[in-house]
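Residues per chain, in single letters:
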Amino acid sequence: MPIAIRVSFTIDGFACTATVSGAVAGQYHTITHELRLDGGGSLAAEGDANCLGLINPGDHVSLELDVIVT
């Protein structure tokens, strides 16, 4: 079943802080209880991103993930 999940997370480390938010496309398989996020969607770094040019405000972010939901 295709789904979209809204996510927000912050990356914080030495000389780098960035908040990423948006929606991620994925699928949930009811038989295996597997949630697969496929990287599609609208994730982007917010205006506070400051990572020495590695992550900048507005940069698109891709998130791919497979998890079993229990």
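Attention here is on the structure that accompanies the text. (Residues numbered from 1 in each chain as written. Predicted model: local features only at pLDDT ≥ 70, side-chain atom pairs only at ≥ 80, totals over all residues. Heavy atoms only, no water.)

### Focus: the nonpolar core
One finds Val 7, Val 20, Val 24, Leu 35, Leu 37, Leu 43 and Val 61 forming the largest nonpolar core, which totals seven residues. Of all the secondary-structure elements, those providing two or more residues to this core are strand 2 (16-29) and strand 3 (34-41). When sequence neighbours within four positions are dropped, the list of residues in contact with Leu 43 reads Val 7, Val 20, Ser 21, Gly 22, Ala 23, Val 24, Asp 59, His 60, Val 61 and Leu 63. (Core = buried A, V, L, I, M, F, W, Y, C linked by side-chain atoms within 4.5 Å. Buried < 20%, exposed > 50% of the residue type's maximum accessible area, 1.4 Å probe, protein only. Helix = DSSP H or I, 4+ residues; strand = E, 2+ residues; numbered from the N terminus. Contact = heavy atoms within 4.5 Å.)

### Section: the state of the cysteines
Within this structure, the stated rule accounts for one disulfide. The residue that forms a disulfide with Cys 16 is Cys 51, at a sulfur-sulfur distance of 1.9 Å. Every disulfide takes its handedness from the sign of the S-S torsion; for Cys 16 and Cys 51 that torsion is 70 degrees, giving right-handed. Within this pair, whereas Cys 16 is found in strand 2, its partner Cys 51 is found in the loop between strand 4 (44-45) and strand 5 (64-68), the two being separated by 35 residues in sequence. Comparing Cys 16 with Cys 51, the two get one shared label, buried. (Disulfide = S-S within 2.5 Å.)

### Notes on the environment of Gly 13
Position of Gly 13 among the secondary structure elements: in strand 1 (residues 2-13). Classification of Gly 13 by relative accessible area gives partly exposed; the value is 40%.

### Section: the side chain of Ser 21
Following the sequence through the fold, Ser 21 ends up in strand 2. Judged by relative accessible area, Ser 21 falls into the buried class, the value being 13%. Side-chain polar atoms of Ser 21 contact the side chain of Glu 46, separated by 2.5 Å. If near-sequence neighbours (up to four positions away) are discounted, Ser 21 is found in contact with Arg 6, Val 7, Ser 8, Ser 42, Leu 43, Ala 44 and Glu 46. (Polar contact = N/O pair within 3.5 Å; in protein donor to acceptor, adjacent residues only side chain to side chain.)

### Concerning unusual backbone geometry
In this structure, Ala 15 takes a positive phi of about 60 degrees despite not being glycine. Looking at the element boundaries, Ala 15 is found in the loop between strand 1 and strand 2. Taking relative accessible area as the criterion, Ala 15 reaches 37% and is therefore assigned partly exposed. For Leu 52, which is not glycine, the phi dihedral falls at a positive 50 degrees.

### Concerning the pattern of salt bridges
Enumeration according to the criterion identifies two salt bridges in this entry. Of the charged contacts, one joins Glu 34 and Arg 36 as a salt bridge, the two residues approaching to 3.8 Å between their closest N and O atoms. Accessibility expressed as a relative area gives 40% for Arg 36, which makes it partly exposed. Across the pair Asp 66 and Arg 36 runs a salt bridge, and its minimum N-O distance is 2.7 Å. Within this pair, whereas Asp 66 is found in strand 5, its partner Arg 36 is found in strand 3, the two being separated by 30 residues in sequence. Note on Asp 66: relative accessible area 44%, which makes it partly exposed. Salt bridges linked by common partners bring Glu 34, Arg 36 and Asp 66 together as one network. (Salt bridge = Lys/Arg side-chain N within 4 Å of Asp/Glu carboxyl O.)

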